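Given next are the chains, with one letter for each unit.
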Amino acid sequence: MENDLIRKELEVVLNELGAPAGAITLERPRDPSHGDLSTNVALTLAKRLARSPREIAEEIANKMDLAAAQVESVEVAGPGFLNFRLASSSVALVIDEILKDDESWGRSDVGKGQAVMVEFVSANPTGPLHVGHGRQAALGDAISCLLEWTGWVVHREYYYNDAGRQIDQLMGSVRARYRQLLGEREPLPDDGYQGEYVKDVASVLLGDVGDRYLKDDSREANDEIRAFAVKMLRDEQDRDLSDFGVHFDQYFLESSLYAEGLVDAAIQALTETGLVFEHEGATWLKTSHFGDQKDRVMVRGNGQPTYFLPDVAYHATKWERGFERVVNVQGADHHGTVDRVRAGLQALGLPEGYPEYVLHQMVRVMQDGQEVKFSKRAGSGMTLRELYERVGVDVARYFFQMRKSEAHLLFDLDVALDHSDKNPVFKVQYAHARMCSIFRKAGIDHKSVRSGAANLGLLEHDLELDLVKRLAEFTDVVKRAARDLSPHILCDYLEQAAGAANSWYHAGNPSRNPKLTVLIDDDGLRDARLALARSVQIVLHNGLTLLGINAPEKMIRADEEES
RNA sequence: GCGCCUGUAGCUCAGCUGGAUAGAGCAUCGGCCUUCUAAGCCGGCGGUCGCAGGUUCGAGUCCUGCCAGGCGCGCCA
């Protein structure tokens, strides 16, 4: 790739200068008069080399082998930037590379095949998934894909609590609704779950077992109700996620930690560190020793472990299962647990900063300027399924991914329901579909467009060159989005690439400017433009696929949808 | 009170490891339709980057203080 060639050449020159290359930033200057690509290495090296940035820049410029870097010219500008103008042959290089790589264009090997676990969603099975889980599901899946595309081997994991207090509350709620169905006047427990879904569970339970549990308040009966409710709600969550296109490699049950003695083992291991102490009848871990705000209780006065303990035990299994890198995607409301979990793991000898966290802020769904707050079924906020059944899976996934995770997400239903280019998802999908329509119109199978077949030097209009440069950035963008665990970087790019593609496409509208039409009479030019159209198609397809979104070959019009 | 996140155009948001004149979409204003699908296109208007200091050749970006909003601070999970 052109960027790589320049970067490589820069590294060679920097080594000659005795300034071993760190990461070299190549970026596209905002001002096109500054060339196609620009780097600030000279500025960043000024201090280290104790020389003026301009002087360093001049030397780099003189020593560079322009032909090797596929660069037409390099100039020193401003305080010491190096501005590159790409050789026209680089256009051909980019397009040929894209056509050759096709569905794997954009992949790289940063991760070198190392294993990484991404844990996400991890909702308790006490009710339907809501929109916040949706954001997490979309984010976690996209982050997983980004890591896969950059050479990591990803394990998607879902952890759920199938044993604790909240499950008891669920059981109590179901039991109350079940007895109500049998005519009893039993109220929902104070801390019970309000949603309609509890009645559904109770009603199915009634159909299954009749009135067997009406008077039976035994431990066995309650265990059976609990298991029934968990099973049913787990199944519902699975369906919700599966229909949302999100799948996991493993579901990890909290109860298995106890069953396999891992919680006791954690107590044992922590105790051996000497950081454990007794205070007011409880057992504490000195997590403050590792930067936590205060020490935490491990085992309560009543002998029961707090949630902290299985949490540490669980994350320790991740390390023991061979995952030296772990990314946890969680709601920001859980950020208080980050320091204490890491402290617990550090006490066990795991590295500082393990695991990594992506904390996402809340989702607010807005319509007509009003917040949509209620779902009868969930008894609280809108459920994930309610959302994507309204706006479609593609739109929902994209909206969840298009903002950086640490910012609040305003999910605007009015925009989501808009089927024009105002909706960023459709803007990108349209651009892809438009490329497909060119091939349909031409009666050509787009797969028949091959690398090296066209004279790409014929592409010389600004709109075309601009588009090619944009396409060339794709691999770097994927790397950066993966590095920062930030799918929104890719969304941003896709919108820009789609914008450039749409501009090019519309400029070539035969009624407007026949000379820019792809399907022009001149065979050579036409082939070159078809190669560009195919490249656009590949980049948009790969980008959308990475985000778990369809890249349709044809958009369905609303008036066609009716029938 | 303490901790974390956020504050950039009327609205929703980008802004990479500190780099050149702070960008996009929407809204608004002006122009353009029998199209390789106008569900669109082209152009204009619009910002003391929350405030005040500091570091630096250079700060939206880093540091300190303050202001506003969100979240978290349990022998809950």
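Cut-offs and rules
Residues numbered from 1 in each chain as written. Chains lettered and ligands numbered in written order. Predicted model: local features only at pLDDT ≥ 70, side-chain atom pairs only at ≥ 80, totals over all residues. Heavy atoms only, no water. Domains from an automatic or database assignment. Contact = heavy atoms within 4.5 Å. Salt bridge = Lys/Arg side-chain N within 4 Å of Asp/Glu carboxyl O. Polar contact = N/O pair within 3.5 Å; in protein donor to acceptor, adjacent residues only side chain to side chain. Helix = DSSP H or I, 4+ residues; strand = E, 2+ residues; numbered from the N terminus. Nonpolar A, V, L, I, M, F, W, Y, C, P; charged D, E, K, R; others polar. Pairing = 2+ DSSP bridges. Patch = residues over 30% accessible without salt bridge, like charges linked within 9 Å, V, L, I, M, F, W, Y side chains within 5 Å. Areas by Shrake-Rupley, 256 points an atom, 1.4 Å probe, with all protein chains shown as cover. Lys, Arg positive; Asp, Glu negative; His and termini not counted. Charge placed at Lys NZ, Arg CZ, Asp CG, Glu CD. Axes fitted to C-alpha atoms, helices over the stretch in contact; angles between N-to-C directions. Left-handed = near helix turned anticlockwise from the far one by under 90°.

K.L.:
How would you sum up the domain arrangement of chain A? Please name residues and give values.
P.N.:
Per the domain assignment, the segments of chain A are domain 1 (2-87), domain 2 (165-235) and domain 3 (424-562). For domain 1 versus domain 3, the distance between C-alpha centres works out to 30 Å. On the side of domain 3, 6 residues touch domain 1, which itself brings 6 residues to the contact. Counting every contact that joins domain 1 to domain 3 gives 2 salt bridges. Of the charged contacts in the structure, one is a salt bridge between Arg 7 and Asp 476, with a shortest N-O distance of 4.0 Å. Seen at the junction of domain 1 and domain 3, the total is 1 residue pair in polar contact (both at pLDDT 80 or more). It is helix 1 (residues 2-16) that contributes the most residues to the side of domain 1 that touches domain 3, 3 residues altogether. Classifying every residue of the side of domain 1 that touches domain 3 gives 1 nonpolar, 1 polar and 4 charged.

K.L.:
Run through the sheet that holds strand 3 (residues 71-77), naming residues and quoting values.
P.N.:
Judged by pairing direction, the sheet is antiparallel, and its 4 strands sit side by side in the order 1-2-4-3 without closing on themselves. Each of the sheet's edge strands pairs with one partner strand only, and the pair in question is strand 1 (26-27) and strand 3. Of the strand pairs in this sheet, strand 2 (residues 37-39) and strand 4 (residues 81-86) are connected by 3 bridges, and their pairing is antiparallel. What sits directly across from Ser 38, in strand 4, is Asn 83.

K.L.:
Can you break down a negative patch on the surface residue by residue, with the values?
P.N.:
Together, Asp 521, Asp 522, Asp 523 and Asp 527 make up a negatively charged patch on the protein surface. Along the chain, the position of Asp 527 falls in helix 20 (residues 523-546).

K.L.:
Now, about the packing of helix 2 (residues 41-49) against helix 3 (residues 53-63): what can you tell me, with residues and values included?
P.N.:
Between helix 2 and helix 3, whose axes approach to 8 Å, the crossing angle comes to 115°. The handedness of the crossing between helix 2 and helix 3 is right-handed. Where helix 2 abuts helix 3, its residues Val 41, Ala 42, Leu 43, Leu 45, Ala 46 and Leu 49 lie against Pro 53, Ile 56, Ala 57 and Ile 60. Taken together, the residues that form the contact of helix 2 with helix 3 break down as 10 nonpolar, no polar and no charged.

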